[in-house]
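Report on the structure
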Amino acid sequence: MREKNNRVNFTSKLGVVLAAAGSAVGLGNVWRFPTEVGNNGGAAFILIYLLCVLAVGVPVMISEFLIGRHTHANTITAFSKLAPGKWWRIEGVAGVFVAFLILSYYTIISGWTLYYLVQSLKGSFLENKDYSACFSSFVSDPYVPLLYAIFFMLMTHLVIARGVQSGIERFSKIMMPMLLLIIVILVVCSFGMPGAGTGLRFLLKPDFSKVTASVVLSAMGQAFFSLSLAMGCLCTYASYFTSDTKLVKTAFSVCTIDTFVAILSGFIIFPAVFSVPNVNPDEGPGLVFVTLPHVFNIAFHSVPILGYLFSGLFYLLLLLAALTSAMSLHESVTAYVIESWGVPRNRAAFLVSVSCMALGVLCCLSFGVLSDFTVCGLTIFGLFDFCASKIIMPVGGLIICLFTGWYLDRKMVYNELTNEGTVTFRLFRVYLFLVRYVVPFAIALIFINELLG
Ligand code: PFF
C-alpha cells in the first residue's frame with residue numbers, strides 16, 4: 001500500500017503493532033529490566049516503573065508517532081518539514097545519530113546472546129564450570145564475539161534490505177508471536193521450579209524502604225530505553241503508518257506489550273534464580289550471562305533434556321527480542337540514507353551495516369585488548385552507552401515533548417491524533433498537560449541526576 005508521496009506503508013494493523021512492539025521489546029526487557037528489579041528492591045521498582053510508563057512513556061510515544069505519521073519521512077526530514085529552517089532539526093539529527101551509535105554496541109551484546117544460544121544447544125550449561133570466568137574469557141576474546149556480532153548484523157541487514165513490508169512487517173509478524181509463545185512456555189517452566197514461591201514473593205511484595213530518588217530515576221531511564229523512545233526509531237516506523245492507524249491506541253498497545261514482556265521476564269528469571277542456593281538476584285548485568293547458566297547447570301543437571309530446552313528457549317527469546325529491536329535502529333538510519341542521500345535501499349542498508357559494524361569492532365574490543373583505552377574513565381563501549389542513553393536520549397525526549405507541546409500547532413496535533421476528528425481522544429488535555437509540563441520536568445530531573453551521578 002502506497003500513500004500519496006509514493007512511500008511504502010505497513011499493510012495491516014497487526015503489522016503496525018507488532019513492528020512497533022518489536023522495536024520496544026528487546027534486551028532492555030529480558031536482560032536489563034530484571035537486572036534493575038533485582039538491584040532496586042523488586043516490586044516497589046516495578047510499581048514506580050509502571051507509573052513512569054504511563055506518565056512519561058505513553059505521552060512521548062504518542063508524540064513520536066504523530067511526528068512520524070504526519071510527515072511520512074525519516075526523522076531528520078520530519079523535523080525539517082514541521083519546522084523549516086529552525087533549530088528543532090537538530091533533534092532529528094540526534095535521533096538518527098544515536099540510533100547508529102546504539103546499533104553499534106547493541107549488536108555486540110546481541111552477538112553474545114547468539115553465542116549463548118549456540119552454547120546452550122551444545123549442552124555447555126550442563127557442565128560444571130566457573131561461568132563467570134567463561135563469560136570474561138569469551139567477551140575479552142578478540143575474534144569470537146566479533147564473529148557472532150557480524151553474524152547478528154547480517155541477519156538484521158537481510159531483513160532491512162528486504163524493505164518495510166516484506167522485511168520489517170513480515171518478520172515482525174513471525175518473530176513477535178514466536179517470542180510471546182516462548183515467554184509463556186518459559187514462565188510455566190519457571191513456575192514449576194522449587195524456588196518459584198520465593199522468586200514470586202520477591203517480585204510481588206513491594207519493599208518501599210528501598211525507594212530512593214535514584215531508584216525513581218532509574219525506573220524512568222529504564223522506561224525510555226525499553227520503549228525505544230527519543231531515538232528516531234518509533235518516529236521512523238510511524239512514518240509507515242497509514243492515515244487510519246489509531247496513534248493513541250497503538251501507543252497504548254505497544255506500551256502494554258512491552259511492559260508485559262518485561263514483567264514476565266522477571267517471572268521467568270527470579271523463580272529460576274531463587275531455586276538455587278547462594279545465588280543473588282542482584283548480580284547486575286551478569287544476571288543473564290553468568291548467574292543463569294549457573295542456575296541452568298544446578299537446576300537441570302539431573303534432567304539434561306529440560307536443561308537444553310529451558311536454556312535454549314531462553315537465549316532464543318533474547319535473540320528474537322534483540323533482532324526486532326536492532327531492525328528498528330537499523331531502519332531509522334537506513335530510511336535517512338535512502339531518502340536524504342537518494343541511495344537505493346539495498347545499498348543504503350549495506351552502508352549502514354558496514355559502517356555500524358566498523359564502530360562495533362571498537363566496542364567489542366573494548367572488553368578485551370582495548371579495555372585499557374578509556375575516555376573520562378569509560379571504555380569505548382561505556383562511552384557510547386553513556387553518550388547515547390544518558391545524554392542524547394533524555395535530551396531528545398525533552399525536545400520532542402517541548403516540540404509537540406509548545407511549538408506545533410495545537411489544532412494540527414489534535415487532528416493528527418484523532419485522524420482528522422474521526423476517532424475520539426478524550427484525554428487530549430491530559431496528554432497536552434503531560435507533554436508540556438510533567439514530562440519535561442521529569443526528564444530534566446533524570447538528566448541532572450545522571451550527570452551528577
Ligand atoms: N527498546 C529496546 C530494548 O528494550 O532493548 C532497545 C532500543 C531499541 C532502544 C530501539 C532504542 C531504540 F531506538
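Considering the site of the ligand
Taken together, 15 residues form the shell around the ligand, and within it A24, G28, Y106, F225 and C233 come nearest. Measuring from an oxygen atom of the ligand, one finds a backbone N or O atom of G28 at 2.7 Å. S226 has a polar backbone atom sitting 3.0 Å from a nitrogen atom of the ligand. For the shell around the ligand, the secondary-structure elements that each account for two or more residues are α1 (13-24), α2 (27-39), α10 (213-226) and α14 (304-341). Residues that form the shell around the ligand fall into these classes: 7 nonpolar, 8 polar and no charged.

Digging into the packing of aromatic side chains
Evaluation of the coordinates by the stated rule reveals 44 aromatic pairs. Residue placement shows R32 over the ring face of F225; its charged tip is 4.7 Å from the ring centre. Of note, R436 hangs over the ring of W406, and the distance from its end group to the ring centre comes to 4.6 Å.

Some points on the nonpolar core
Core analysis: the biggest nonpolar cluster contains 165 residues, and F314, Y315 and L417 have the highest contact counts within it. Here this core gets 18 residues from one element, more than from any other, and that element is α14. Dropping the residues within four chain positions of it, F314 is found in contact with V30, L186, I268, I269, V288, L292 and F296.

Brief notes about the pattern of salt bridges
Pairing between side chains becomes possible if they bear opposite charge and their charged atoms approach one another. The final tally for this structure, using the stated rule, is 5 salt bridges. One salt bridge connects E169 with K173, and the closest N-O pair in it is separated by 3.5 Å. Of this pair, E169 and K173 both sit in helix α8 (residues 164-191), 4 residues apart, which is roughly one turn of that helix. Taking the relative accessible area as the measure of exposure, K173 reaches 31% and is therefore partly exposed. A salt bridge links D207 to K210; its shortest N-O distance comes to 3.6 Å.

Some thoughts on the environment of P34
Secondary-structure assignment places P34 in helix α2. Sequence-distant contacts of P34, defined by excluding residues within four places in its chain, comprise N29, S265, G266, I269, F270 and L287.

Considering α2
Helix length check: α2, at 13 residues, gives a terminal C-alpha distance of 17 Å against a target of 18 Å (1.5 Å per residue), a fit within 8%. Its axis deflected by about 30° at F33, α2 carries its strongest bend there, up to four residues before the proline P34. Of all 13 residues making up α2, 11 are buried, and the element is well covered by its neighbours. Every buried residue of α2 is listed here: L27, G28, N29, V30, W31, F33, P34, T35, E36, V37 and G38. One or two steps after α2, the chain reaches G41, where phi turns positive at roughly 90°.

Remarks on the side chain of T107
Inspection of the secondary structure puts T107 in helix α5 (residues 89-121). Of the polar contacts made by the side chain of T107, one reaches the backbone oxygen of L103; its length is 2.5 Å. With residues up to four places along the chain from it excluded, the contact list for T107 reads A149, F152, M153 and M357.

Focus: the packing of helix α7 (residues 144-162) against α14
At a minimum axis separation of 9 Å, α7 and α14 run at an interaxial angle of 60°. Considering their axes alone, α7 and α14 lie oblique with respect to each other. Relative to α14, α7 is oriented so that their crossing is right-handed. For the pair α7 and α14, the contacting residues are F152, M153, M155, T156, H157, V159 and I160 in the first and L319, A322, L323, A326, M327, H330, E331 and T334 in the second.

Some words on α7
In this model, α7 (19 residues) spans 28 Å end to end at C-alpha, consistent with the 27 Å of a helix rising 1.5 Å per residue. Residues of α7 that are buried sit in contact with α5, α6 (131-140), α8, α14 and α15 (345-365). With its phi angle positive at about 105°, G163 sits one or two positions after the end of α7.

Here we look at the side chain of S332
Inspection of the secondary structure puts S332 in helix α14. S332 sits in the buried class, given a relative accessible area of 0%.

A few points about the environment of F289
The topology assignment puts F289 in helix α13 (residues 286-300). Overall, F289 belongs to the buried group, its relative accessible area being 1%. Note: C-alpha distance between F289 and Y131 (158 residues apart in sequence) is 8.1 Å. Beyond its immediate stretch of four places on either side in the chain, F289 contacts W31, I109, W112, T113, Y116, F135 and Y315.

Overview of unusual backbone geometry
In the Ramachandran plot, S228 falls in the positive-phi region, its phi being about 60° despite a non-glycine side chain. Taking the relative accessible area as the measure of exposure, S228 reaches 9% and is therefore buried. A positive phi angle, near 50°, is found at C376, a position not held by glycine. Mapped onto the elements of the fold, C376 is located in the loop between α15 and α16 (380-407). Given a relative accessible area of 79%, C376 falls into the exposed group.

The rules behind the values
- Residues numbered from 1 in each chain as written.
- Predicted model: local features only at pLDDT ≥ 70, side-chain atom pairs only at ≥ 80, totals over all residues.
- Heavy atoms only, no water.
- Near = heavy atom within 4 Å.
- Polar contact = N/O pair within 3.5 Å; in protein donor to acceptor, adjacent residues only side chain to side chain.
- Helix = DSSP H or I, 4+ residues; strand = E, 2+ residues; numbered from the N terminus.
- Nonpolar A, V, L, I, M, F, W, Y, C, P; charged D, E, K, R; others polar.
- Phe/Tyr/Trp six-rings, centres within 6.5 Å; stacked < 30°, edge-to-face > 60°.
- Lys NZ or Arg CZ within 6 Å of the ring centre and 35° of its normal.
- Core = buried A, V, L, I, M, F, W, Y, C linked by side-chain atoms within 4.5 Å.
- Buried < 20%, exposed > 50% of the residue type's maximum accessible area, 1.4 Å probe, protein only.
- Contact = heavy atoms within 4.5 Å.
- Salt bridge = Lys/Arg side-chain N within 4 Å of Asp/Glu carboxyl O.
- Expected span 1.5 Å × (residues − 1).
- Bend = angle between axes of the 7 residues up to and from the residue.
- Axes fitted to C-alpha atoms, helices over the stretch in contact; angles between N-to-C directions.
- Parallel < 35°, antiparallel > 145°, perpendicular 65-115°, else oblique.
- Left-handed = near helix turned anticlockwise from the far one by under 90°.

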